[in-house]
Amino acid sequence: MADRGADEPSSRTESPDGESRVSEDRWSLHQRLAIRELIDTEVSYLHMLRLCALDIRSRLKQLPQGDLDVLFSNIDDIIKVNSRFLQDLQGTDAMEEKQVQLIGNLFLEFQEELERVYKVYCANYDQALLLVESYRREPELQREIQAIIEAVVPQAGPSGLSFLLVIPLQRITKYPLLLQKILENTLPDASAYSVLQRATSALQDVNTNINEYKRRKEVASKYTKVEQLTLRERLARINTHTLSKKTTRLSQLLKQEAGLVLRTEDKEFDDLEERFHWVSLCVTELKNNVAAYLDNLEAFLRFRPQQYDLDMPGPVGQYCNLARDLQLQAFPEFKRRLEELVGQPLCSLAKALAGPQNLIKKRLDKLLDFERLEEKLLEEGSVTYEEEEARHTYQALNSLLVAELPQFNQLAVQWLGQILGTFMALQRDLAKQVLQRAESSLAQLPHHHLSEPAFRKLVEDALGQTGHQLRSFQENFEKVQTPPTVQPLLPGAERQVQALLTKYGPGKLYQVTSNTSGSRTLDLSLPRGQIVGLLQNKDTKGNSSRWLVDTGGHRGYVPAGKLEPYQIVPREEKLRGQAGPREDSRHPTPEPSPALVASVPAATQVVAMYPFVARNSHEVSLQAGQPVTVLEAPDKKGNPEWSLVEVDGRRGYVPSSFLARAPSPAPWGWSLPP
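Cut-offs and rules
- Residues numbered from 1 in each chain as written.
- Predicted model: local features only at pLDDT ≥ 70, side-chain atom pairs only at ≥ 80, totals over all residues.
- Heavy atoms only, no water.
- UniProt positions renumbered as here; feature names shortened; annotations may be inferred.
- Pairing = 2+ DSSP bridges.
- Helix = DSSP H or I, 4+ residues; strand = E, 2+ residues; numbered from the N terminus.
- Expected span 1.5 Å × (residues − 1).
- Buried < 20%, exposed > 50% of the residue type's maximum accessible area, 1.4 Å probe, protein only.
- Arc of directions from axis to C-beta.
- 1 Å grid on protein atoms, 1.4 Å probe; cavity = no way out; pocket = protein on both sides within 12 Å on 5 of 7 lines; lining within 4 Å.
- Points joined across faces, edges and corners; volume = space filled by probe spheres on them.
- Nonpolar A, V, L, I, M, F, W, Y, C, P; charged D, E, K, R; others polar.
- Phe/Tyr/Trp six-rings, centres within 6.5 Å; stacked < 30°, edge-to-face > 60°.
- Lys NZ or Arg CZ within 6 Å of the ring centre and 35° of its normal.
- Axes fitted to C-alpha atoms, helices over the stretch in contact; angles between N-to-C directions.
- Contact = heavy atoms within 4.5 Å.
- Parallel < 35°, antiparallel > 145°, perpendicular 65-115°, else oblique.
- Left-handed = near helix turned anticlockwise from the far one by under 90°.

If you check an unreviewed UniProt entry, the protein chain appears there as Rho guanine nucleotide exchange factor 37 from Myotis lucifugus. Of the comments in the UniProt record for the protein chain, the one headed Function (unreviewed entry) reads "May act as a guanine nucleotide exchange factor (GEF)."

Novice: I'd like a description of the sheet that holds strand β7 (residues 627–632), backed by residues and values.
Specialist: Strand order across the open sheet formed by 5 strands is β9-β8-β7-β6-β10, with antiparallel pairing between neighbours. Strands with a single pairing partner mark the edges of an open sheet, and in this sheet they are β9 (650–655) and β10 (659–660).

Novice: Which residues make up helix α6 (residues 139–152), and what are the values?
Specialist: Spanning 14 residues, α6 covers 20 Å between terminal C-alpha atoms, matching the ideal 20 Å at 1.5 Å per step. When α6 is considered as a whole, its buried residues turn out to be L141, Q142, I145, Q146, I148, I149 and V152. Relative to the axis of α6, the buried residues are bounded by an arc of 160 degrees and lie together on one face. Of the residues in α6, the exposed ones pointing more than 90 degrees away from the buried face are P139, R143 and A151.

Novice: Just give me the short version of empty space enclosed by the protein, but keep the residues and values in it.
Specialist: A water-sized probe rolled over the atoms picks out the places where empty space is left. Tallying each qualifying case throughout the model produces 2 cavities of 30 Å³ or more. Estimates place the volume of the largest cavity at around 50 Å³. In terms of lining, the largest cavity is formed by V132, Y135, R136, Q142, I145, Q146, S159, G160 and L161. Those elements giving two or more residues to the lining of the largest cavity turn out to be α5 (111–136) and α6. Taken together, the residues of the lining of the largest cavity break down into 4 nonpolar, 4 polar and 1 charged. Lining the second largest cavity, in full, are A330, E333, F334, R337, L426, D429, L430 and Q433. For the lining of the second largest cavity, the secondary structure elements donating two or more residues are α13 (316–352) and α15 (385–442).

Novice: So what's going on with the packing of aromatic side chains? Which residues, and what values?
Specialist: Tallied over the full model, the rule gives 11 aromatic pairs. Each ring, one from Y293 and one from F334, has its centre 6.5 Å from the other, and the planes form 70 degrees; the classification is edge-to-face. Remark: F334 occurs in helix α13 and Y293 occurs in helix α12 (residues 267–302); sequence separation between them is 41 residues. Residue Y293 is classed as partly exposed on the basis of its relative accessible area, which comes to 29%. Overall, the relative accessible area of 5% leaves F334 in the buried class. Taken together, a centroid distance of 6.2 Å and an interplanar angle of 70 degrees make the contact between F612 and W642 edge-to-face. Placement of the pair is F612 in the loop between β6 (604–608) and β7 and W642 in strand β8 (residues 642–647), with a sequence separation of 30 residues. Among the aromatic residues, ring-to-ring pairing joins F85, F107, F110 and Y175 into one connected group. Positioned above the aromatic ring of F72 is the side chain of R57, whose terminal nitrogen or guanidinium carbon lies 5.9 Å from the ring centre. A cation sits over an aromatic face here: K119 above Y213, 4.7 Å from the ring centre.

Novice: Which residues make up the sheet that holds strand β4 (residues 555–559), and what values do they have?
Specialist: What the 5 strands build is an open sheet, ordered β4-β3-β2-β1-β5; its pairing is antiparallel. Across the chains shown, the open sheet's two edge strands, defined by having one partner strand only, are β4 and β5 (563–565). With direction set aside, neighbouring strand axes in the sheet form an average angle of 50 degrees. Across 3 bridges, the pairing between strand β2 (residues 531–536) and strand β3 (residues 546–550) is antiparallel. Among the inter-strand pairings, Q536 is bridged to a residue of β3, identified as L548. Along the sheet, helix α17 (residues 494–504) contacts β1 (509–512), β2, β3 and β4; its crossing angle with β2, the most-contacted strand, is approximately 25 degrees.

Novice: Before we move on, could you go through the environment of A560 and cite the residues and values that matter?
Specialist: Along the polypeptide, A560 turns up in the loop between β4 and β5. By relative accessible area, which is 16% here, A560 ends up buried. Residues A560 and L548, spaced 12 residues apart in sequence, show a C-alpha to C-alpha distance of 9.2 Å. When neighbours within four sequence positions are excluded, A560 is seen to be in contact with S544, S545 and W547.

Novice: How would you explain the environment of Q146 if you had to name every residue and give the values?
Specialist: Mapped onto the secondary structure, Q146 falls in helix α6. Classification of Q146 by relative accessible area gives buried; the value is 13%. Spatially, the C-alpha atom of Q146 lies 5.8 Å from that of G160, the residues being 14 residues apart in sequence.

Novice: Any chance you could break down the packing of helix α3 (residues 75–91) against helix α4 (residues 99–109) for me, citing the residues and the numbers?
Specialist: One can describe the packing of α3 onto α4 by two numbers: an axis separation of 10 Å at closest approach and a directional angle of 165 degrees. Taken together, the axes of α3 and α4 lie roughly antiparallel to each other. The crossing of α3 and α4 is right-handed. On α4, the residues that touch F85, D88 and L89 of α3 are I103, L106 and F107. Grouping the amino acids of the contact of α3 with α4 by side-chain chemistry returns 5 nonpolar, no polar and 1 charged.

Novice: Quick rundown of helix α2 (residues 65–72)? Include the residues and the values.
Specialist: Here α2 has its buried residues at D67, L68, L71 and F72. End-on view of α2: buried residues confined to an arc of 110 degrees, all on one side of the axis. Two residues or fewer after α2 comes S73, characterised by a positive phi angle close to 45 degrees.

Novice: So what's going on with the side chain of E273? Residues and values would help.
Specialist: Relative to the assigned elements, E273 resides in helix α12. Apart from the residues within four sequence positions on either side, E273 is in contact with I360 and K541.

Novice: Please provide a residue-by-residue account of unusual backbone geometry, values included.
Specialist: Here S73, not a glycine, exhibits a phi torsion of approximately 45 degrees, which is positive. If you trace the backbone, S73 turns up in the loop between α2 and α3. Of note in the backbone geometry, D648 takes a positive phi value of approximately 50 degrees without being a glycine. Checked against the element boundaries, D648 lands in the loop between β8 and β9.

Novice: A description of the packing of α2 against α5 should follow, citing residues and the corresponding values.
Specialist: Contact geometry of α2 with α5 gives a least axis separation of 7 Å together with a crossing angle of 130 degrees. By the angle between their directions, the pair α2 and α5 is classed as oblique. Contacts between α2 and α5 involve D67, V70, L71 and F72 from the former and Y121, Q127, A128, L131, V132 and Y135 from the latter. Each residue belonging to the contact of α2 with α5 can be placed in one class, and the counts come to 8 nonpolar, 1 polar and 1 charged.

Novice: Give me the pairing of β1: which residues, what numbers.
Specialist: Residues L509 and Q511 of β1 are buried on one face, and the alternating residues Y510 and V512, pointing to the opposite face, are buried as well. In the sheet, β1 pairs with β2 via 3 bridges, with the strands oriented antiparallel. Residue pairing in the sheet places Q511 in a bridge with I531 of β2. Summarising the sheet, β1 and β5 pair through 3 bridges and their orientation is antiparallel. Residue V512 lies in a different strand from β5, and its bridge partner there is L563.

Rendered as structure tokens:
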């Protein structure tokens, strides 16, 4: 009895320790099971991804590549990230004592990479589902797809593609739950507990950020669509709601311009927008230049001197053979490659800019709404549900642009650089081909026996002599007629110019030197020759390269480099200048001077003295020295400054001062140098 009594206290003192050990063992067991679940499910998940990317995607040959890109999105990037993640995760098995802490640190290490790849996949998921739904409307195609999937992944069942595509979404949302399960089976006083807490919170933030990114992309996709609407369709969309919104935005913008309310300053976005517009301008200019280059190349290919019998001795025959070879083979091939490798990518790049341009314009509208609602929130303390949604829309657009415009600008610049590099490579290839084709003919050309320095000297002398002849011709030609000092006005523009002159005075009138295409908010698109009045020689940001002007009907910004002061020429002086030469002219006009078209009857043959570029469908372009038939000397309104003419079968108006009767060179007293 004494021994039993002595043993009882001992058993009671050991019981708490035993229970503690049993509890710790239970926690440790559940923790190991949770870790094993994480690793085993990661292995199965990665295996399923590889089946989708390698087996299923490669067998769906009946689907176009564009559909496959949408369906599987960036699954290859996900496989790369999760492969490294699984490798490091399995490596923690070797260090069982620190395994929990290592797993927490591993999730923290991969946090940014997981968010980067999964947000792209999740943002494209809805579009992939739309494709799946479209396949279900084609029974034959749906059966083929289902057969392929069941052969590779039998557990997919009738869900087919939908079952596979949702797997990455399920996995990224399950990571916080798996970590939470490990955390619940970790003692609070353990060293790994705080690391697991931070990892769980980090993966929850990843899912939150992915959802927010997906919402922003949905908002952006609504405004990036470029719709080609007719005027009637645009008018049909106008209602009281849209009129109210546009009126409110215009009122807010006018208040800001007048300084009544403060404008929201966003230096980061302003810099990004400035760079984007610079990239857009470069793409537009290059696209126009390449188009002009292709037009000139086409005109060059139409000119075939080798088809004419020049009746000239010497190496003309060899030159004709070489020219024929180049015209029929080298140059057409160069043109084809130029259109394919430069023209088409450039058009694709210009098309890619349309979406961000729409977003930037829409951001300005939403910013005006946001500023107005911020004022209301300060004054009244609350806004309606719809107004709160408008605030969130602006914040989503702004965040998306600030996050993605730098990457877009960088990619656009790289794309532009590659296009320019390709253009230079094509030029080098063309030069190489021409030299190779001409090599056999070089020995038959004159001066082939000369050394390179001697031949260079010969060419320089010949060019110098030709240049002297051209300068002499230019000097003599300038004595014939003084060129117009100003670009001619558009027909019927005199009344508008008079109104601008009365309103702003002669010192504030400017003329557009070349066509402008407005690409930014409040920019104007004006034709060459348009007269405008200057309101301010800088924009609201202090940029002196954009001037605020008034056309007499619209106000907006134009590039300062495309404006020049307009020289006011009184109508009487113009008429006097047309009647005869000016007495105070710096270069006296030799007698007799060519008669101008103002005195030429209709259906008379004249000559274009200066080149003229048509600015609209009512005008026709001229080349200097081109024969022209005058149909009506004054236009239909009786304006003598414009004449209706016919040139190469095309009819249109040209400035009368650009035309003259064909002169007889004999009495002029000069000729070209010999």
